[in-house]
Structures are given as structure tokens and as C-alpha cells.
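What follows is each chain in one-letter form.
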Amino acid sequence: MIFAHDTEISLAGAAALVNTTDGGEQLPDLAALDAFYRTWQWTGRRAGTEAELRAVQRLRPRLRQVWEAAGEEQIVVLVNELLREGRALPQLVRHDQFSWHLHAAPSEAPLATRMMVEAAMAFVDMIREDELSRLRRCAADDCDNVLVDLSKNRSKRFCEAGCGNRAAVNAYRARKAGRVRP
Ligand SMILES: [Zn+2]
Ligand SMILES: [Zn+2]
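Predicted model only: the values in this text are computed from it and were never measured.

1. So, the coordination of the zinc ion (ligand 1)
Note on metal sites: the ideal angle is 109.5 degrees for four tetrahedral donors, and 90 or 180 degrees for six octahedral donors.
At step 1: Looking at the metal site, the zinc ion (ligand 1) is ligated by His 95 (NE2), His 101 (NE2) and His 103 (NE2), spaced 2.0 to 2.1 Å from it.
At step 2: Site description for the zinc ion (ligand 1): donor spacing in sequence, H-x5-H-x1-H.

2. Quick word on the nonpolar core
At step 1: Of all hydrophobic cores here, the largest spans 40 residues; its most connected members are Leu 63, Trp 67 and Phe 123.
At step 2: If you list the elements that add at least two residues to this core, you get helix H1 (5-18), helix H2 (30-39), helix H3 (50-68), helix H4 (72-85), helix H5 (111-128) and strand E4 (146-148).
At step 3: Looking at this core, the element that brings in the most residues is H5, giving 10 residues.
At step 4: Setting aside anything within four residues of it in sequence, one finds Trp 67 in contact with Ala 14, Ala 15, Val 18, Phe 123, Leu 135, Arg 136, Arg 137, Val 146, Leu 147 and Val 148.
At step 5: Counting six residues, the second-largest nonpolar core is a separate cluster that includes Cys 138, Cys 143, Leu 147 and Cys 163.

3. Digging into helix H6 (residues 163-176)
At step 1: Along its 14 residues, H6 runs 20 Å from first to last C-alpha, staying within 8% of the 20 Å computed at 1.5 Å per residue.
At step 2: Just beyond H6, the residue with positive phi is Gly 178, at close to 80°.

4. Looking at the coordination of the zinc ion (ligand 2)
At step 1: For the zinc ion (ligand 2), the full set of protein donor atoms is Cys 138 (SG), Cys 143 (SG), Cys 159 (SG) and Cys 163 (SG), at a range of 2.3 Å.
At step 2: Taken together, the four donor atoms surrounding the zinc ion (ligand 2) define angles of 106 to 117° at the centre, an arrangement classified as tetrahedral.
At step 3: As a motif over one chain, the donors of the zinc ion (ligand 2) read C-x4-C-x15-C-x3-C. Taken together, the residues span a long stretch of sequence, with Cys 143 in the loop between strand E3 (135-137) and E4 and Cys 163 in helix H6 at a distance of 20 residues. Note on accessibility: Cys 143 and Cys 163 belong to one class, buried.

5. Considerations on the packing of aromatic side chains
At step 1: With the rule as written, the count across this model stands at two aromatic pairs.
At step 2: With 6.4 Å between their ring centres and 40° between their planes, Phe 36 and Trp 40 make a pair best called tilted.
At step 3: For Phe 36, a relative accessible area of 9% puts it in the buried group.
At step 4: Residue class for Trp 40 comes out partly exposed when judged on its relative accessible area of 24%.
At step 5: Geometrically, the ring pair formed by Trp 67 and Phe 123 is edge-to-face, given 5.6 Å between the ring centres and 80° between the ring planes.

6. Some details on unusual backbone geometry
At step 1: Phi is positive for Arg 87, close to 50°, though the residue is something other than glycine.
At step 2: Looking at the element boundaries, Arg 87 is found in the loop between H4 and strand E1 (91-95).
At step 3: With a phi close to 45°, Asp 96 is a non-glycine residue in the positive phi region.
At step 4: Relative to the assigned elements, Asp 96 resides in the loop between E1 and strand E2 (98-103).

Parameters at a glance
Residues numbered from 1 in each chain as written. Chains lettered and ligands numbered in written order. Predicted model: local features only at pLDDT ≥ 70, side-chain atom pairs only at ≥ 80, totals over all residues. Heavy atoms only, no water. Donors = N, O, S within 2.8 Å, 3.2 Å for Na, K, Ca; no water. Core = buried A, V, L, I, M, F, W, Y, C linked by side-chain atoms within 4.5 Å. Buried < 20%, exposed > 50% of the residue type's maximum accessible area, 1.4 Å probe, protein only. Helix = DSSP H or I, 4+ residues; strand = E, 2+ residues; numbered from the N terminus. Contact = heavy atoms within 4.5 Å. Expected span 1.5 Å × (residues − 1). Tetrahedral: all angles 85-135°; square planar, octahedral: opposite > 155°, others 65-115°. Phe/Tyr/Trp six-rings, centres within 6.5 Å; stacked < 30°, edge-to-face > 60°.

Here it is as C-alpha cells:
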């Protein structure tokens, strides 16, 4: 494990949220948001309204900015903005099956606010550990997805949408066709 467990989940969840724009809108309605919420083991208050859905959708380009930022200084500015806007107040909490971890927004705060603050807190950990190089864009030419490399040997290059497999298959076909020497 590179970071604390809750930080790693938050980072992976933030990348997954940003990537819900992959190949079209993957969070088109409340049912899709419900599924995302369950998949990423979110807890806390849900409004279950269109406004909630829109707020979550609007958060995505803001989080993507962190991946697209020009460097550490710019990321720090972005993260501080997110923390301020979400009025982050770190508190240790224990709930459901999860042991002590940090929440920096109250569980009754709007979902998009909690998602924003949680992502920002996870970026804080990355910055403090000087590990921002683990924030990457997918290496596939035709993919705009983002990823967080949580591997020990910093080897992750492709997003979770199967780009790594596609790249491997393409490379294999290219070798077989004799266009590229092994
Ligand atoms: Zn929690
Ligand atoms: Zn990809």
C-alpha cells in the first residue's frame, strides 16, 4: 500500500468519477449515480434529485483539472480551492464496516461536496508524500481517461477501461504481422 487505505479508495474513486465521461455520459441519470455510489461504497445523505446528479456531473471537470494541471504549484492552488469551497474540517470517524478514517465534510453535506472534499483530502496526501507523478493520463492514444498509479513499481500506464489489454493485443498483432520486431 502506497497511501492509507481510505486515501487509495478516494483516489481511485476520484479517477473513476472523472472517467464517467468516457465515450459519452456514463452518469446520465439517478440510477447510474446510485450504482456509482454503491460501487464506491459511499455512505451518508443522498438527495436523490436531479440537482444532486448535476452537481456531481459538474464536479468532474474540476477534478480533471488536477490531472491536467501544469505542475505541483498549480495542483496545490486547485486543491486548496476545493478544500476551502467544501469547508473541509477533518474528523476521524468510524461507521458501517469501516474502521477509523477521515471525513472532512459532514455526512449530511451534499454528495458532490463530500466527493469534492474527499478527493481533495486524498490529493493532499499525495502532495505531502511528493507522489503527484502517480496521477496519470491513460497512455492509449484514443483514450482521455485518467488514472492513479497505486502500484509499487509505478508501472500502471493504462486506465481501467481495458486500454492496457487493447494495447497488448495491438502490439501482438503488429509483431505477428512483422511490422515491429519483438
Ligand atoms: Zn466513511
Ligand atoms: Zn484508457
